[in-house]
Amino acid sequence: MKTEVKPTKEQLRILNLTYKGGFHTCPSCKVSYFAFKDIENKGENKTQIYCNYGCGYIFLEDYINL
């Protein structure tokens, strides 16, 4: 039986920084779109997402000033 790995509170906080007015903005290419982004590496130290607009996999912490 496989247990589901959940994102950390810090990962959710970082991901929420990329949303404004219901739109996600990729911090790398600055494209805004209405879509829920899933954290690709739940439970780890950094927050990785996949950008559909050419950036590929990125770590949000590399683009967001914390």
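Bear in mind that the values here come from a model prediction, so they are computed numbers and not experimental data.

A. Expanded view of the pattern of salt bridges. Considering all chains together, one arrives at 3 salt bridges under this definition. Asp 38 serves as the salt-bridge partner of Lys 42, at 3.3 Å between the closest nitrogen and oxygen. Asp 38 sits in the partly exposed class, given a relative accessible area of 38%. One salt bridge connects Lys 46 with Asp 62, and the closest N-O pair in it is separated by 2.8 Å. Of the two residues, Lys 46 is situated in the loop between strand E3 (32-33) and strand E4 (48-51) and Asp 62 in the segment after strand E5 (56-59); the sequence distance between them amounts to 16 residues.

B. Expanded view of helix H1 (residues 9-16). Buried within H1 are the following residues: Gln 11, Ile 14 and Leu 15. Each buried residue of H1 lies within a common arc of 100 degrees when the element is viewed along its axis, so the set occupies one face. Residues Lys 9 and Asn 16 are exposed on H1 and point more than 90 degrees away from its buried face. Where H1 is buried, its residues touch strand E1 (19-20) and E4.

C. Focus on the side chain of Glu 61. Looking at the element boundaries, Glu 61 is found in the segment after E5. Buried within the structure, Glu 61 lacks any salt-bridge partner; Lys 46 is the closest side chain of opposite charge, at an N-O distance of 5.7 Å. Reaching out from Glu 61, the side chain makes a polar contact with the backbone nitrogen of Thr 47 at a distance of 2.8 Å.

Conventions adopted
- Residues numbered from 1 in each chain as written.
- Predicted model: local features only at pLDDT ≥ 70, side-chain atom pairs only at ≥ 80, totals over all residues.
- Heavy atoms only, no water.
- Salt bridge = Lys/Arg side-chain N within 4 Å of Asp/Glu carboxyl O.
- Buried < 20%, exposed > 50% of the residue type's maximum accessible area, 1.4 Å probe, protein only.
- Helix = DSSP H or I, 4+ residues; strand = E, 2+ residues; numbered from the N terminus.
- Arc of directions from axis to C-beta.
- Contact = heavy atoms within 4.5 Å.
- Lys, Arg positive; Asp, Glu negative; His and termini not counted.
- Polar contact = N/O pair within 3.5 Å; in protein donor to acceptor, adjacent residues only side chain to side chain.

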